[in-house]
Amino acid sequence: MKLLSENKAFGGTHLRYSHTSTTTNCEMTFAIFLPPFASKEKPVPVLYWLSGLTCNDQNFMQKAGAMKLASELGMAIVAPDTSPRGEGVPDDAEGAYDFGLGAGFYVDATQAPWDEHYKMYSYITEELPPLIEGEFPVTKEKAISGHSMGGHGALIIGMRNPNKYVSVSAFSPIANPSDCPWGEKALGNYLGSDKASWKDYDASELMSSQTHYIPMLVEQGTKDEFLQVQLKPQSLVHAAQRSETQLTLNMQEGYDHSYFFIASFIKEHLEFQAGHMGLI
């Protein structure tokens, strides 16, 4: 690992690292916030945060206002990048924001040329946690959260790995990517035209297929400009009803898709995660 930056924040430490990933076959970047007094003798649980389209490891750390409360709760936060990057990593042919660099969609691509680098699902679930647990004073207890594309990622990862995460939450998630323009473009290119292969990466499909017991909290603004066409939170509600899965969806009047929305309700989400970590 290569240390890129180090900053003190709210008594804790914010660090950025790059490392060579064997999963994505390129250099990856992540940020980690360690609360005060985290040590080998007193390791702390971790919240993994997955960001949305066009974002990297810094958006959440700098805009969400999460570090102060994480410091008080005794919780570490890890924010990975949203896609592989670097020389030789393919991008959208037209440089569009919703596919390619900055838009890994937290799937393992099966289609060329994306399958050489775009393995974000395995990177988040298999490679990054052992690295974090081996290098930093954290426990194996972890939760996962995210926004938009990252909310989609958090939900599918939490539901598919309930023994690895104590809880999952999401802001404005892409709830049914098999049935929205962002998801159709991404899943179609990364996974191919067979929509049956998309179901493992669609939160609504996963939720409707069986009862899930991992605690889930979803926050959605009613003035979100992507609400009806891209996000479709009601798909999650209907899926939860079909499978009798317990899901909390809060529709927040007047809020949009921005980090102003995330910052307004991040306290409730960190406390939700902390409760399932046994911190409160």
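Above this text you will find the structure in question.
In short, a report on the structure. Note that the structure is a prediction, hence the values are computed from the model and not measured. Every chain is numbered on its own, with residues counted from 1 as its sequence reads. The model is predicted, so local features are restricted to residues of pLDDT at least 70 and side-chain atom pairs to those at 80 or more, both for listing and for counting; the totals for chains, interfaces and linings are taken over all residues. Hydrogens and water are ignored here; the side-chain numbers use all heavy atoms of the structure.

As for its placement among the helices and strands, Leu 47 is situated in strand E4 (residues 44-50). Expressed as a C-alpha distance, the spacing of Leu 47 and Ala 274, which sit 227 residues apart in the sequence, is 8.9 Å. Each helix corresponds to a stretch of at least 4 residues labelled H or I by DSSP, and each strand to a stretch of at least 2 residues labelled E; elements are numbered beginning at the N terminus.

The working definition used for a salt bridge is a side-chain nitrogen of Lys or Arg within 4 Å of a carboxyl oxygen of Asp or Glu. Inspection of the entire model under this criterion finds ten salt bridges. With its nearest N and O atoms 2.7 Å apart, the salt bridge here joins Lys 68 to Glu 72. Residue Lys 68 and its partner Glu 72 are located together in helix H2 (residues 67-73), separated by four residues, close to a single helical turn. Notably, a salt bridge pairs Glu 271 with Lys 267, separated by 2.8 Å at the nearest N-O pair. With Glu 271 and Lys 267 both in helix H9 (residues 259-277), this residue pair falls four residues apart, about one helical turn. Classification of Lys 267 by relative accessible area gives partly exposed; the value is 44%. A single network of salt bridges, built from pairs that share partners, joins Asp 92, Asp 98 and Lys 185. Categorising residues by exposure relies on relative accessible area from a 1.4 Å probe, with only protein chains included: less than 20% of the type maximum marks a residue as buried, more than 50% marks it as exposed, and the intermediate range marks it as partly exposed.

Moving on: unusual backbone geometry. In most cases, non-glycine residues show a negative phi, while peptide bonds are predominantly trans. Residue Pro 113 follows Ala 112 across a cis peptide bond; omega there is 0 degrees. Mapped onto the elements, Pro 113 comes out in the loop between strand E5 (76-80) and helix H3 (120-135). A positive phi angle, close to 75 degrees, is found at Thr 54, a residue other than glycine. Using a relative accessible area of 52% as the deciding quantity, one classes Thr 54 as exposed. Backbone geometry places Ser 172, a non-glycine residue, at a positive phi of 45 degrees. When you line up the elements, Ser 172 lands in the loop between strand E7 (168-171) and helix H5 (181-191). Judged by relative accessible area, Ser 172 falls into the buried class, the value being 0%.

Looking now at the sheet that holds strand E9 (residues 248-252). Here, a strand pair is defined by DSSP locating no fewer than two bridges between the strands. Read across the open sheet, the nine strands follow the order E1-E2-E3-E5-E4-E6-E7-E8-E9; overall the sheet is mixed. This sheet does not close on itself; its edge strands, each paired only once, are strand E1 (2-9) and E9. In this sheet, adjacent strand axes meet at a mean angle of 20 degrees when their direction is disregarded. Bridge analysis of strand E2 (residues 12-21) against strand E3 (residues 26-34) gives nine bridges, and the strand direction is antiparallel. Each residue of the ladder has a partner; that of Ser 21, found in E3, is Cys 26. To get an axis, a line is fitted to the C-alpha atoms, and for a helix only the part in contact is used. The angle between two axes follows their N-to-C directions and goes from 0 to 180 degrees.

Right, let's get into the nonpolar core. Generally speaking, nonpolar side chains in soluble globular proteins are found buried as a group. Among buried residues, the Ala, Val, Leu, Ile, Met, Phe, Trp, Tyr and Cys ones that are joined through side-chain atoms within 4.5 Å form a nonpolar core. By size, the foremost hydrophobic cluster in this structure holds 62 residues, and its most contacted members are Phe 105, Ile 132, Phe 136, Ile 144, Leu 155 and Tyr 190. Counting 26 residues, the second-largest nonpolar core is a separate cluster that includes Ala 66, Met 67, Ala 70 and Phe 261.

Taking 1.5 Å of rise per residue, the twelve residues of helix H4 (residues 149-160) would be expected to cover 16 Å, and the 17 Å separating its terminal C-alpha atoms lies within 8% of that figure. Counting buried positions along H4 gives eleven out of twelve residues, so the element sits mostly inside the fold. All buried positions along H4 are accounted for by Met 149, Gly 150, Gly 151, His 152, Gly 153, Ala 154, Leu 155, Ile 156, Ile 157, Gly 158 and Met 159. Residue count minus one, scaled by 1.5 Å, sets the expected span of a helix.

To describe a pair of aromatic rings, one takes the distance between the centres and the angle between the planes. Working definition: rings of Phe, Tyr and Trp (its six-membered ring) pair if their centres are within 6.5 Å, and the pair is stacked with planes under 30 degrees apart, edge-to-face with planes over 60 apart, and tilted otherwise. By the definition in use, this model includes 17 aromatic pairs. Ring plane angle 40 degrees and centroid distance 5.7 Å describe the contact between Tyr 255 and Phe 261, whose orientation is recorded as tilted. Residue classification places Tyr 255 among the partly exposed positions, given a relative accessible area of 30%. An aromatic cluster of three or more residues is present, and its members are Trp 49, Phe 60, Phe 171, Tyr 255, Phe 261 and Phe 265.

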